Amino acid sequence: MTARHEEIADELRRAIDREEYTVGSRLPSESELAAHYRVSRGTVRQAVAALTAEGLIGSRQGARRVVLASRRSQSFEELRSFAQWARAMGHEATGHVVTQEYRPAGHEDAVRLQLTVSTPVLHVLRVRGLDGEPVLLERTVYADWISPAVEVIEPDCPSVTQRLYDDTGPVFAYGEHVIDAVACGALDAELLGVRRTSPLLRVRRVTTTREGRPVEWSDDRYRPDAVSFSVHNSIGNNPLARKAAE
């Protein structure tokens, strides 16, 4: 059974998402929240502490909490898939596979996936969209142990991450992300509907299980007019976030 403070924390998250409490505004006091939810102030304090730890609200002793961020921007610490992130913002995620083939692992594949060079690994080029508009190209290399499960997934599956979890059970628990900018090549320009040499936001990432076993590494390229990245700074929490461009 979900604890009451967890239920309250989730209701407050949804209220922030709906912009009932906008960024920069103050939450009601502990007493007001306790009266609203018909719980003790201690229960409210636990709920508020969870939101503070997530970087959604700021806390200062003796002052009401201030909303710092919205979950409309996804923290990369959450490791949600593109489809999960899109749904959380109220968008429909789309996608289709452009190419999919096995290749011998090169040096970079071997290092990132902790494999022997020449091990067969699955390379997938996938176009992802928000509400039908292409915004992202994923060039993903899957480790040999997970490749057979990826290979049989239908080309237009909206969430490969969720499908792998449902079918085989691996939990993507850790990720490393390196972000920079690159010029758009001819193929990327055609697939994303932008001009050649246009700047793209590139995220190179490696994802592993809880045990540290590499699952995939990917070179993801975003249209910068559709997606942006931001950092919310605090003493105890500095999440990098992905959000839809306004």
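Residues numbered from 1 in each chain as written. Predicted model: local features only at pLDDT ≥ 70, side-chain atom pairs only at ≥ 80, totals over all residues. Heavy atoms only, no water.

K.L.:
Sorry if this is basic, but what is going on with the overall build of the protein chain here?
P.N.:
Helices and strands together make up the secondary structure of the protein chain, namely eight helices and 11 strands. Within the span of the protein chain, comprising 246 residues, buried residues form 43% of the whole. For the protein chain, restricting intrachain contacts to residue pairs at least 6 apart in sequence, the fraction spanning at least 24 positions comes to 57%. (Helix = DSSP H or I, 4+ residues; strand = E, 2+ residues; numbered from the N terminus. Buried < 20%, exposed > 50% of the residue type's maximum accessible area, 1.4 Å probe, protein only. Contact = heavy atoms within 4.5 Å.)

K.L.:
Mind showing me how you'd approach the pattern of salt bridges here?
P.N.:
Oppositely charged side chains may form a pair once their charged atoms are brought near each other. Tallied over the entire structure, the rule returns 22 salt bridges. Two residues, E30 and R65, come together in a salt bridge whose shortest N-O distance is 3.4 Å. Of the two residues, E30 is situated in helix α2 (residues 30–37) and R65 in the loop between β1 (57–58) and β2 (66–67); the sequence distance between them amounts to 35 residues. The pair formed by E30 and R65 is uniform in burial state, with each residue classed as buried. E216 serves as the salt-bridge partner of R205, at 2.6 Å between the closest nitrogen and oxygen. Remark: E216 occurs in strand β9 (residues 214–222) and R205 occurs in strand β8 (residues 199–208); sequence separation between them is 11 residues. Shared partners join several salt bridges into a network, and the residues in it are R139, D180, D188, R202, R204, D219 and R221. (Salt bridge = Lys/Arg side-chain N within 4 Å of Asp/Glu carboxyl O.)

K.L.:
Explain the nonpolar core here, please?
P.N.:
When a protein is soluble and globular, its nonpolar side chains tend to lie buried together. Ranked by size, the top nonpolar core spans 19 residues in total, and within it L113, V121, Y142, I146, V150 and L164 carry the most contacts. Every element with two or more residues in this core is listed here: β5 (120–130), β6 (133–142), α6 (147–151), α7 (160–168) and β9. With three residues, the top contributor of residues to this core is β5. Of all hydrophobic cores here, the second largest spans 18 residues; its members include I8, L12, Y37 and L56. (Core = buried A, V, L, I, M, F, W, Y, C linked by side-chain atoms within 4.5 Å.)

K.L.:
What exactly am I supposed to notice about helix α1 (residues 4–17) here?
P.N.:
For an α-helix, 3.6 residues make a turn, and residues three or four places apart therefore share a direction. Between its terminal C-alpha atoms α1 stretches 20 Å, which fits the 20 Å expected from 14 residues at 1.5 Å a residue. When we look at burial in α1, the residues that qualify are I8, A9, L12, R13, A15, I16 and D17. Remark: E19 follows α1 within two positions and exhibits a positive phi of approximately 65°. (Expected span 1.5 Å × (residues − 1).)

K.L.:
Help me understand the side chain of R128 in this model?
P.N.:
Mapped onto the fold, R128 is located in strand β5. Only 2.4 Å separates the side chain of R128 from the backbone oxygen of P158, close enough to count as a polar contact. If we ignore the near neighbours within four places in the chain, the residues touching R128 are F82, A83, A93, T94, G95, E133, P134, V135, L136, E138, P158 and S159. (Polar contact = N/O pair within 3.5 Å; in protein donor to acceptor, adjacent residues only side chain to side chain.)

K.L.:
Just checking my understanding: could you explain unusual backbone geometry for this structure?
P.N.:
Among all residues save glycine, negative phi is the norm, and among peptide bonds the norm is trans. Phi at R38 takes a positive value of approximately 60°, unusual for a residue other than glycine. Note on placement: R38 falls in the loop between α2 and α3 (41–53). Classification of R38 by relative accessible area gives exposed; the value is 79%.

K.L.:
Would you take a moment to explain the packing of α2 against α3 for this structure?
P.N.:
To describe two helices that pack against each other, one gives the angle between their axes and the distance between the axes. Interaxial distance between α2 and α3 falls to 9 Å at its minimum, and their mutual angle equals 105°. Taken together, the axis directions place α2 and α3 in an arrangement best described as roughly perpendicular. Across the interface between the two elements, E30, S31, L33 and A34 of α2 pack against R41, V44, R45 and V48 of α3. In terms of residue class, the contact of α2 with α3 is built from four nonpolar, one polar and three charged. (Axes fitted to C-alpha atoms, helices over the stretch in contact; angles between N-to-C directions. Parallel < 35°, antiparallel > 145°, perpendicular 65-115°, else oblique. Nonpolar A, V, L, I, M, F, W, Y, C, P; charged D, E, K, R; others polar.)

K.L.:
When you look at the environment of V206 in this model, what are you seeing that I'm missing?
P.N.:
In this structure, V206 sits in strand β8. By relative accessible area, V206 is classed as buried at 14%. The spatial distance from the C-alpha of V206 to the C-alpha of L113 is 8.0 Å, given a sequence separation of 93 residues.

K.L.:
When you look at the pairing of β6 in this model, what are you seeing that I'm missing?
P.N.:
A regular strand places its side chains so that they alternate between the two faces of the sheet. Here β6 lies mainly inside the structure; seven of its 10 residues are buried. Two elements, β5 and β6, share nine bridges in a ladder whose sense is antiparallel. If you follow R126 over to β6, its bridge partner there is E138. Counting the residues between successive antiparallel strands, the hairpin from β5 to β6 contains two residues, one of them, D131, with a positive phi of roughly 55°. (Pairing = 2+ DSSP bridges.)

By themselves, these figures tell us nothing about what the structure is for.
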